[in-house]
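If you want the building blocks of each chain, they are given just below.
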Amino acid sequence: MNILIKIGSERAVDENDLLPLKEENTTWFLTEELQAKWSEETANSKIQDVKPKLWKSVLKMLTAKDFLILITAGSLNTVGRILQPLLLGYLLKSLIIARLKHNYLLYGCASAFGINELISSLSMHQFDYRCEVLGTRISSALKGLVYMKALLLNKDTLLRFSTGQVIDLVSNDVQRIEGDTFQLFFLGIRSIVELLTVTFFLVYLIGWQAVMGIILLCMCLPYVAGLSYAGAVLRLRTAAVTDHRITLINQVVSGIRAIKCNVWEDEYRGKIKNVRR
């Protein structure tokens, strides 16, 4: 990366200056891998007489190395976040009651606090980086799978779906996987472990009175879940309107010659404005 930055400071960077893409990160390789996993899941579902699950095929694309890195980085970050207030509290308490003589335990606590912050920061950045890489790979594989599926469908099946639905599926639904899916999945597990550990330390160090705040947060979970459900319903309505708008725009662009010949500009302009409202 330093070489690329140095080249960019001297001249404009072109495509040949970029690092070559590994075969395992190409869209074709990822699509073929997901297609194989999906075919395997479909065959197993037919034998067990159940509905196939796409998320199972997606999870099978993750290797043991990916799981190991995510679990290790997430665990280190969780331990660091738990130790941070404990070390800071002991450090402040020692500074308040410390005597004039040297306290080597205090020096050790300060050093442990700095090392803990360093490890926690590195593990957090590694975790976020790995989640972004995996999200990009899965997003590319799903887009390729949608493209391959569209090529294999017959004309009657294609007529059931509009162009807007396909564009919305690729640009919105699949694109969300690239951002936060893996982070939310692993952060949910880490949050449960962190919540239980923090609750234990609060009861042990302070008392049961300190747990009232955690109980209040737990009571707010149904409220947050309700808001999430309401947001999902609104997103579905928005997706339907978006599909209709994109389909209408596509029809206008495809039939622009007929619209011009029959002077239908005002009518379609009104329809588009009504949809965009």
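Residues numbered from 1 in each chain as written. Predicted model: local features only at pLDDT ≥ 70, side-chain atom pairs only at ≥ 80, totals over all residues. Heavy atoms only, no water.

**Q** Where do I start with the pattern of salt bridges in this structure?
**A** As a working rule, side chains carrying opposite charge can pair if their charged atoms are close by. The tally for this structure, following the rule as stated, stands at four salt bridges. In this structure, E194 and R81 form a salt bridge, with 3.5 Å as the shortest nitrogen-oxygen distance. Of this pair, E194 sits in helix 7 (residues 163–205) while R81 sits in helix 4 (residues 64–97); the two residues are 113 residues apart in sequence, bridging distant segments of the chain. Residues D266 and R269 are paired through a salt bridge, measuring 2.6 Å at the closest nitrogen-oxygen approach. Placement of both D266 and R269 in helix 11 (residues 265–276) is noted, with a separation of three residues, approximately one turn of the helix. Residue classification places D266 among the exposed positions, given a relative accessible area of 58%. Owing to a relative accessible area of 41%, R269 belongs among the partly exposed residues under this scheme. (Salt bridge = Lys/Arg side-chain N within 4 Å of Asp/Glu carboxyl O. Helix = DSSP H or I, 4+ residues; strand = E, 2+ residues; numbered from the N terminus. Buried < 20%, exposed > 50% of the residue type's maximum accessible area, 1.4 Å probe, protein only.)

**Q** How should the UniProt feature "transmembrane region" (unreviewed entry) in the protein be read in this particular structure?
**A** UniProt feature "transmembrane region" (unreviewed entry): in the numbering of this structure it lies at residues 184–206 and 212–236. Measuring from the first to the last C-alpha atom of residues 212–236 gives 37 Å, for a span that is 96% helix and 0% strand. (UniProt positions renumbered as here; feature names shortened; annotations may be inferred.)

**Q** Would you explain the side chain of D66 in this entry?
**A** With respect to the helices and strands, D66 occurs in helix 4. The class of D66 is buried, set by a relative accessible area of 6%.

**Q** Just to check I follow, could you spell out unusual backbone geometry for this structure?
**A** Apart from glycine, the bulk of residues carry a negative phi angle, and the bulk of peptide bonds sit in the trans form. You will see that D49, though not glycine, has its phi angle at about 60°, which is positive. The exposure class assigned to D49 is exposed, which follows from its relative accessible area of 69%.

**Q** So what exactly am I meant to see when it comes to the confidence of the model for the protein here?
**A** Overall, the predicted model of the protein reaches an average pLDDT of 79, with 86% of residues at or above 70. When mean pLDDT is taken per element in the protein, helix 2 (residues 27–48) scores highest with 86 and helix 6 (residues 155–158) scores lowest with 66. (pLDDT = per-residue confidence, 0-100.)

**Q** Looking at this structure, I do not really get the packing of aromatic side chains. What am I missing?
**A** Two measures describe an aromatic ring pair: the distance that separates the ring centres and the angle between the ring planes. Taken as a whole and judged by the stated rule, the model has two aromatic pairs. Summarising the aromatic geometry, the rings of F200 and F201 are spaced 5.6 Å apart at their centres and angled 65° between planes, so their arrangement reads as edge-to-face. Ring geometry for F200 against Y204: centres 6.0 Å apart, planes inclined by 10°, an arrangement best described as stacked. Taken together, the positions of F200 and Y204, both in helix 7 and four residues apart, correspond to about one turn of that helix. Residue classification places F200 among the exposed residues on the basis of a relative accessible area of 53%. (Phe/Tyr/Trp six-rings, centres within 6.5 Å; stacked < 30°, edge-to-face > 60°.)

**Q** Could you clarify how one ought to interpret the nonpolar core in this entry?
**A** Within the largest apolar cluster, eight residues are counted, these being L30, L34, V58, M61, I138, A141, L142 and L145. For this core, the secondary-structure elements that each account for two or more residues are helix 2 and helix 5 (104–152). Here this core gets four residues from one element, more than from any other, and that element is helix 5. Excluding its chain neighbours within four sequence positions, the residues that come into contact with M61 are L30, E33, L34, K37, I138 and A141. (Core = buried A, V, L, I, M, F, W, Y, C linked by side-chain atoms within 4.5 Å. Contact = heavy atoms within 4.5 Å.)

**Q** Help me understand the side chain of S57, please; the structure alone is not making it clear to me.
**A** The topology assignment puts S57 in helix 3 (residues 54–60). You can call S57 buried: its relative accessible area is 0%. Ignoring sequence-local partners within four residues, the contact set of S57 consists of L34, K37, W38 and E41.

**Q** Sorry if this is basic, but what is going on with the packing of helix 4 against helix 5 here?
**A** The angle between the axes and the distance between the axes are what describe a pair of packed helices. Running from amino to carboxyl end, helix 4 crosses helix 5 at an angle of 150°, the nearest separation of the two axes being 7 Å. Considering their axes alone, helix 4 and helix 5 lie roughly antiparallel with respect to each other. In this structure, helix 4 crosses over helix 5, and the sense of that crossing is left-handed. (Axes fitted to C-alpha atoms, helices over the stretch in contact; angles between N-to-C directions. Parallel < 35°, antiparallel > 145°, perpendicular 65-115°, else oblique. Left-handed = near helix turned anticlockwise from the far one by under 90°.)

**Q** How should a nonpolar patch on the surface be read in this particular structure?
**A** A cluster of nonpolar side chains, contributed by F200, Y204, L205 and I206, occupies part of the molecular surface with about 520 Å² of accessible area. The exposed category is assigned to I206, whose relative accessible area is 60%. (Patch = residues over 30% accessible without salt bridge, like charges linked within 9 Å, V, L, I, M, F, W, Y side chains within 5 Å. Areas by Shrake-Rupley, 256 points an atom, 1.4 Å probe, with all protein chains shown as cover.)

**Q** Sorry, what's going on with the packing of helix 9 (residues 221–254) against helix 11 here?
**A** Remark: helix 9 packs on helix 11, axes separated minimally by 10 Å, with the N-to-C direction vectors making an angle of 160°. Here helix 9 lies roughly antiparallel to helix 11, going by the angle between them. At the point where helix 9 passes helix 11, the crossing takes the left-handed sense. Residues V241, H244, R245, L248, I249 and V252 of helix 9 pack against Y268, K271, I272, V275 and R276 of helix 11. In the contact of helix 9 with helix 11, the residues fall into seven nonpolar, one polar and three charged. (Nonpolar A, V, L, I, M, F, W, Y, C, P; charged D, E, K, R; others polar.)

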